[in-house]
Amino acid sequence: MALNHIQITNAKPRDKAYKLADSDGLYLFVQPNGAKLWRMNYRHLGRQKTLYFGAWPEVGIAAARQQLNKAREQIAAGLDPSAEKKIETLARKVAADNTFKTIAEEWVAKNEREGRAPITLDKIRWLLGMAYPMIGALPISKITPQEVLAVLRKVEATGRYESARRMRSVLSRVFRYAIATARADRDVAADLRGALITPKVQHLAAITTPKEAGGLLRAIDGYTGHEITAIALRLSPHLFVRPGELRKAEWEEIDMRTAIWSLPAEKMKMRRPHRVSLSRQALALLEELHPLTGDGRYLFPSFRSPRQCMSENTINAALRRLGYSQEEMTAHGFRAMAATLLNEMGIWNPDAIEKQLAHLDTSMVRRAYTRGEYWDERVRMMQHWSDYLDELRDGAKILRPDFGKGRGTPG
C-alpha cells in the first residue's frame, strides 16, 4: 500500500534503520538519527544495487515517485540508473562551470598569456563587462541569438554604434573559443552581423597638406608650455609613432651611437619588435631632453610620478593650447601626416613607409612576399622626412648633406 504524508510524518526513528514501503519498489529508509531517505533497489548486469532519490521532506512523495518511474524506464532500456544519475550530476556541474563569463575570462587570460597588448585587453574586458549582467551567468551552450542581440541593442540604444559592433566581434570570438574547447556547438553572435547599425567611419583628425603642416610646425616651435611637453611635441612629427609608443619610450631603448630607437614587441600594437631610425633633428631633440629626464626610466615621465610615463592626454592638450581643435589635429594625426606626404613624394617604396608606420599587412599572401624590413631605405627616408619638415617650417628650401651613410644597421 502506497505511503501518505501522515504515515511519513509519524514515522519515528528506532534503534536500527528500517524501511517503509511505498509502491513499485520505492521505499523510505528511516535512520536512527531521524533522517528519512527515498530509495529503490534494483539489479543491473546481475548485480544488486541501490538508487538514492533524496531526503524527505526536501523530496516529496510525488517527486520521489517521478524519479522512480524515470529509473524504471532506464532499467527497461538496459541502462544503469545510478550511472545515469552520476552523468546528469556531472553534466549539471560542467554546465555551471561553463557560463559565458567563466569561458570569456578564460579566453581573456589566454590572450594575456599570448602577449596581447594591455590596452587591447582592457578594451576587451570593458566590452565583456557590459555583456556580463545579461548573459554572464548563462551556460554558453544555451545562449540564443536573441539574448546576444538584446545585449547589443542595449549598447546601441546609448548611441555607441562602434562599441556595439566591436562587442559583437568580441562575443563571437568567445563563442568560437568555446566551440574549440568543446563547450559550445555554435557561434550565435556570428548570425547577428547584419543586425547592427553600421557606424559612420570617422578618421582621426590630421593635417595632411604641406602648407598646413608648415603652419603647425611653426606653431609647435612657438609652444610656451612645459619644456618636456614642448620636446615631446617637437619630436612627434619627426618620429610619427603611435602616441602611446612615444609617451612610454624608455632611455634604455635609445641608442644614440647608432641613432636607433628599438621598441620591444610587448609595446607594439601588432606585437612585433620595431625600430625607428633617428634623424639628426630627432637626435638633437633627445640630447636636449636628456639633461631633463635622462636619469630616469622614461623619456617623458609623468609630472606626478617619475615611475610613470606621461599622460595620454598631454600631447593633445598641448595641441589644443596651440589653437588646434580635436577636429583639426590629434597626437595620432602625425602618423597620417607622414604617411600622406611621404607617399605623395613618390620616391619611397610604399612598403617601406608601411614598415616604418609598423603596420601589419592584412593580406597573408602579400605579407609572405614582403618580409624585408627595408631598413636602409627607412634610414634615408627618416632623415629626408626631418629635412622636409624643416623646409615646411622655414618656408624655404634647405641644403641637405649626404644622409644615411655609416648610420644604423641593415635590417
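The numbering scheme is per chain: residues are counted from 1 as the chain's sequence reads. It should be noted that, the model being predicted, local features are given only for residues of pLDDT at least 70 and side-chain atom pairs only at 80 or more, the latter also being counted only at that level, while totals for whole chains, interfaces and linings use all residues. Water and hydrogen atoms play no part in the side-chain values, which are based on all heavy atoms of the structure.

Q: Got a sec to walk through the pairing of strand E4 (residues 47-56)? Specific residues and values, please.
A: Pairing of strand E3 (residues 36-44) with E4, which is carried by nine bridges, proceeds in the antiparallel orientation. Within E4, the residue paired with Met40 across the bridge is Leu51. Here a strand pair is declared whenever DSSP counts at least two bridges between the two strands. Each helix corresponds to a stretch of at least 4 residues labelled H or I by DSSP, and each strand to a stretch of at least 2 residues labelled E; elements are numbered beginning at the N terminus.

Q: Kindly report on helix H16 (residues 375-394), identifying the contributing residues and their values.
A: Multiplying one less than the number of residues by 1.5 Å gives the expected span of a helix. When the terminal C-alpha atoms of H16 are compared, their 29 Å separation across 20 residues agrees well with the 28 Å that a helix rising 1.5 Å per residue should span. Residue Gly395 follows H16 closely and has a positive phi angle near 70 degrees.

Q: Go over the confidence of the model for the protein, please, and point to the residues and values.
A: For the protein, the average pLDDT comes to 86, and 90% of its residues sit at 70 or higher. Think of pLDDT as the predictor's per-residue confidence, scored from 0 to 100. The criterion used for residue contact is that any of the two residues' heavy atoms lie within 4.5 Å. A low-confidence stretch, residues 362-371 stays under pLDDT 50, and its non-local contacts, those more than four residues away or across chains, total eight contacts.

Q: I'd love a proper account of the pattern of salt bridges, names of residues and values included.
A: Pairs can form between side chains of opposite charge once their charged atoms are near each other. Only one rule defines a salt bridge in this text: a Lys or Arg side-chain nitrogen within 4 Å of an Asp or Glu carboxyl oxygen. All told, the structure shown has 20 salt bridges when counted by the stated rule. With a shortest N-O distance of 2.8 Å, Glu114 and Lys110 are connected by a salt bridge. Exposure categories follow from relative accessible area, calculated using a 1.4 Å probe and restricted to protein chains: below 20% of the type maximum is buried, above 50% is exposed, and the middle band is partly exposed. Using a relative accessible area of 52% as the deciding quantity, one classes Glu114 as exposed. The salt bridge involving Asp191 is made with Arg186; its shortest N-O contact spans 2.3 Å. Under the relative-accessibility criterion, Asp191 is labelled partly exposed at 44%. If you follow the salt bridges from partner to partner, you end up with Asp221, Asp390, Arg393 and Asp394 in one network.

Q: Break down the sheet that holds strand E2 (residues 26-30) for me, citing the residues and quoting the values.
A: In spatial order, the strands read E1-E2-E3-E4; together these four strands make up an open sheet with antiparallel pairing. Looking at which strands have only one partner, the edges of the open sheet turn out to be strand E1 (18-21) and E4. Looking at each pair of strands side by side, their axes are set apart by 35 degrees on average, direction ignored. Convention adopted: a line fitted to C-alpha atoms gives each axis, helices being fitted over their contacting stretch, and angles between N-to-C directions are expressed from 0 to 180 degrees. Its contacts with the sheet put helix H2 (residues 61-76) on E2, E3 and E4, and the angle it makes with E3 is roughly 10 degrees.

Q: I'd like a description of the sheet that holds strand E6 (residues 260-263), backed by residues and values.
A: Ordered by their spatial adjacency, three strands build an open sheet running E5-E6-E7, and the pairing between neighbours is antiparallel. Bordering the open sheet on either side are strand E5 (254-255) and strand E7 (274-277), each of which pairs with just one other strand. Helix-sheet contacts for H16 involve E6 and E7, and the interaxial angle to E7 is about 45 degrees.

Q: Kindly report on the nonpolar core, identifying the contributing residues and their values.
A: Put simply, a nonpolar core is a bunch of buried Ala, Val, Leu, Ile, Met, Phe, Trp, Tyr and Cys residues held in one set by side-chain atoms that sit within 4.5 Å of each other. Judged by nonpolar contacts, the single largest core of 55 residues is most densely connected at Leu216, Leu239, Trp261, Leu278, Phe300 and Trp385. Ranked by residue count, the leading element in this core is helix H9 (residues 227-239), at seven residues. Contact partners of Phe300, with chain neighbours within four places excluded, come to Ile228, Ile231, Ala232, Leu235, Leu246, Arg247, Leu289, Cys309 and Met310. With 31 residues, the next largest nonpolar core counts Phe100, Val148, Met167 and Val170 among its residues.

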